[in-house]
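# Fold and contact review
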Amino acid sequence: MENVQESEKFSRGEGRPESHGRRGRDRERSRDRDAPDKEFVEKLVKLNRTAKVVKGGRRFSFSALTVIGDRKGKVGYGFGKANDVSEAIRKSIEKAKRNMIFLPIKNGTIPHEIKGAFKASRVLLKPACSGTGIIAGGPVRAIMEAGGITDVLSKSLGASSQYNVVKATFDCISKMLDARAVAKNRGKSLREFWG
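Values in this document were obtained by computation on a predicted structure and should not be read as measured data.

The rules we used
- Residues numbered from 1 in each chain as written.
- Predicted model: local features only at pLDDT ≥ 70, side-chain atom pairs only at ≥ 80, totals over all residues.
- Heavy atoms only, no water.
- Pairing = 2+ DSSP bridges.
- Helix = DSSP H or I, 4+ residues; strand = E, 2+ residues; numbered from the N terminus.
- Core = buried A, V, L, I, M, F, W, Y, C linked by side-chain atoms within 4.5 Å.
- Buried < 20%, exposed > 50% of the residue type's maximum accessible area, 1.4 Å probe, protein only.
- Contact = heavy atoms within 4.5 Å.

## Structural notes on the pairing of strand 3 (residues 74–82)
Taken together, the eight bridges between strand 2 (residues 57–69) and strand 3 define a ladder with antiparallel strand orientation. Residue valine 67 lies in a different strand from strand 3, and its bridge partner there is tyrosine 77. Taking the residues between adjacent antiparallel strands as the criterion, strand 2 and strand 3 are bridged by four residues, where arginine 71 takes a positive phi near 60 degrees. Inspection of the sheet shows strand 3 paired to strand 4 (residues 101–102) by two bridges, in the antiparallel sense.

Right under this line is the structure:
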């Protein structure tokens, strides 16, 4: 009889030690690998597993595509392969740190509309007014968030291969004109240039 009463208490939540949810429930489930003390925001765009059939069975290897950024206008991407997931991600992050480029930001958005292409993938980026948010698919969204863009409109056209979409987006970024550079080339101050 006593055991029945105890089980009823537990079912109502009485007599249970203080706990903050089940184990593992409070963990971050997103694929972002950013900690507050880290210099760069790391986003895993694609993780692929391939199998090679050998005499003893299947041998798996992994490839990872990651995007990193400092949320202040610097972004990079990297692609790494290894026999272990964590090693593939580490390699891709190291490559991304070596391939960083500058992303011009004007009031939380991009300075002008731009199109970029890589093979059969094409990406269109448009500036957006404050409060719009990042209207973009997976790879483009990861790049914009890592770069510190808060408002942008985008459309991915053509082939949807994530690797090609990332390269097409970086083609857009590399073709973007920075206001300071344009003003300097025209021999004007930034204030004169913007009007």
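Still more to cover.
## Re the nonpolar core
Formed by 26 residues in total, the largest nonpolar core has its most connected members in Val123, Leu125, Val140, Ile143, Met144, Val166 and Met176. Secondary structure elements with two or more residues in this core: strand 2, strand 3, strand 6 (121–127), helix 3 (138–147) and helix 4 (162–175). Broken down by element, the residue count for this core peaks at six residues, all from helix 4. Not counting residues within four places of it along the chain, the set of residues in contact with leucine 125 comprises Ile110, His112, Glu113, Ile114, Val140, Met144, Leu153, Ser154, Cys172 and Met176. Grouped together as the second largest cluster of nonpolar side chains are eleven residues, Phe62, Ile89, Ile93 and Met100 included.

Structural measurements only, silent on function.
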